[in-house]
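Coordinate inspection notes
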Amino acid sequence: MKCPKCDRTLESVVINHNKVDRCSLCGGIWFDKDELKNVKDERDHNLSWLDFDLWSDESRLKPSGTFIDCPRDGKSLFKIKYGPSDVMVDICLDCHGVWLDRDELDKILKELREKINKETLPEYLKDLGEEIKDLIFEPGNSKEELRNIAIIMKLIEYRLAAQHPKISEITSALPD
Ligand SMILES: [Zn+2]
Ligand SMILES: [Zn+2]
């Protein structure tokens, strides 16, 4: 495979037990389907419950530019924000691969971690209140809003478990 940015042949490298393809010239990395999720989960198990479907909402996509094509199948890549981070990643709609420029992987992981650690439970509850208000009073709520609620619910769950380890002890002892 060739680098979508500088056309150099990508080299196979191992990141957190996952074999990915990296460009030695620009430092960009190509992740085939599910490889980015696997690397994220392997790097920080606290992030493994945060899962983002980058492909389900095409209205959030932006064109990546003429010169960036999928190294796997040559299709045009699209830009999209990775979950709640501010990092724009390039994705292929055909093979579900993801292209990250140099340092974008570390940026994504750092921002996700900050998101979890910095915000407090009352803030999540406040957000949740707003979301629920929108859902009740706005007709035609979007899939995006429903997904945000799902993410916030997961964050609450996580913070409760982190702040009150006893709760997770109790709930993990319950039968499913
Ligand atoms: Zn390159
Ligand atoms: Zn592709």
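Look above for the structure.
Criteria and cut-off values
- Along each chain, residues carry numbers from 1 onward, in the same order as the chain's sequence is written.
- All chains are assigned letters beginning with A, and all ligands numbers beginning with 1, in the order in which they are written.
- Side-chain atom pairs in this predicted model are given and counted only at pLDDT of 80 or more, local residue features only at pLDDT of at least 70, and totals for whole chains, interfaces and linings cover all residues.
- Excluding hydrogens and water, the side-chain values take into account all heavy atoms of the structure.
- Every helix listed is a DSSP run of H or I at least four residues long, and every strand listed is a run of E at least two residues long, numbered separately from the N terminus.
- Three labels apply to residues, based on accessible area from a 1.4 Å probe with only protein chains included: buried if under 20% of the type maximum, exposed if over 50%, partly exposed otherwise in between.
- For Na, K and Ca the donor cut-off is 3.2 Å, while for other metals it is 2.8 Å, and in both cases only N, O and S atoms qualify; water is not among them, so sites may look incomplete.
- Neither His nor the chain ends contribute to the count of charged residues, in which Lys and Arg are positive and Asp and Glu negative.
- Here a salt bridge means any side-chain nitrogen of Lys or Arg lying within 4 Å of a carboxyl oxygen belonging to Asp or Glu.
- Two N or O atoms count as a polar contact when they lie within 3.5 Å, although within protein this holds only if one can serve as hydrogen donor and the other as acceptor, and sequence-adjacent residues are included solely when both atoms are side-chain atoms.
- In this analysis, two residues are considered to be in contact whenever any of their non-hydrogen atoms come within 4.5 Å of each other.

1. A closer look at the environment of Lys115
By the element assignment, Lys115 lies in helix H2 (residues 104–118). On the basis of relative accessibility, which here comes to 29%, the residue Lys115 falls in the partly exposed class. As for Lys115 and Pro84, which are separated by 31 residues in sequence, their C-alpha atoms are 8.0 Å apart.

2. Digging into the coordination of the zinc ion (ligand 2)
Here the zinc ion (ligand 2) is held by the protein donor atoms Cys70 (SG), Asp73 (OD), Asp73 (OD), Cys92 (SG) and Cys95 (SG), which lie 2.2 to 2.7 Å from it. Classification of Cys70 as buried rests on a relative accessible area of 3%.

3. What about unusual backbone geometry?
The backbone phi angle of His17 is positive, close to 70°, even though this residue is not glycine. Residue His17 is classed as exposed on the basis of its relative accessible area, which comes to 71%. For Asp34, which is not glycine, the phi dihedral falls at a positive 70°. Among the secondary structure elements, Asp34 is positioned in the loop between strand S3 (29–31) and helix H1 (35–43).

4. A few points about the side chain of Glu104
With respect to the helices and strands, Glu104 occurs in helix H2. Here Glu104 sits buried without a salt bridge, and the closest side chain of opposite charge, Lys107, lies 5.5 Å off (N-O distance). Looking at Glu104, its side chain comes within polar contact range of the main-chain nitrogen of Asp101, at 2.8 Å. The contact partners of Glu104, leaving out residues within four places of it in the chain, are Val87, Met88 and Trp99.

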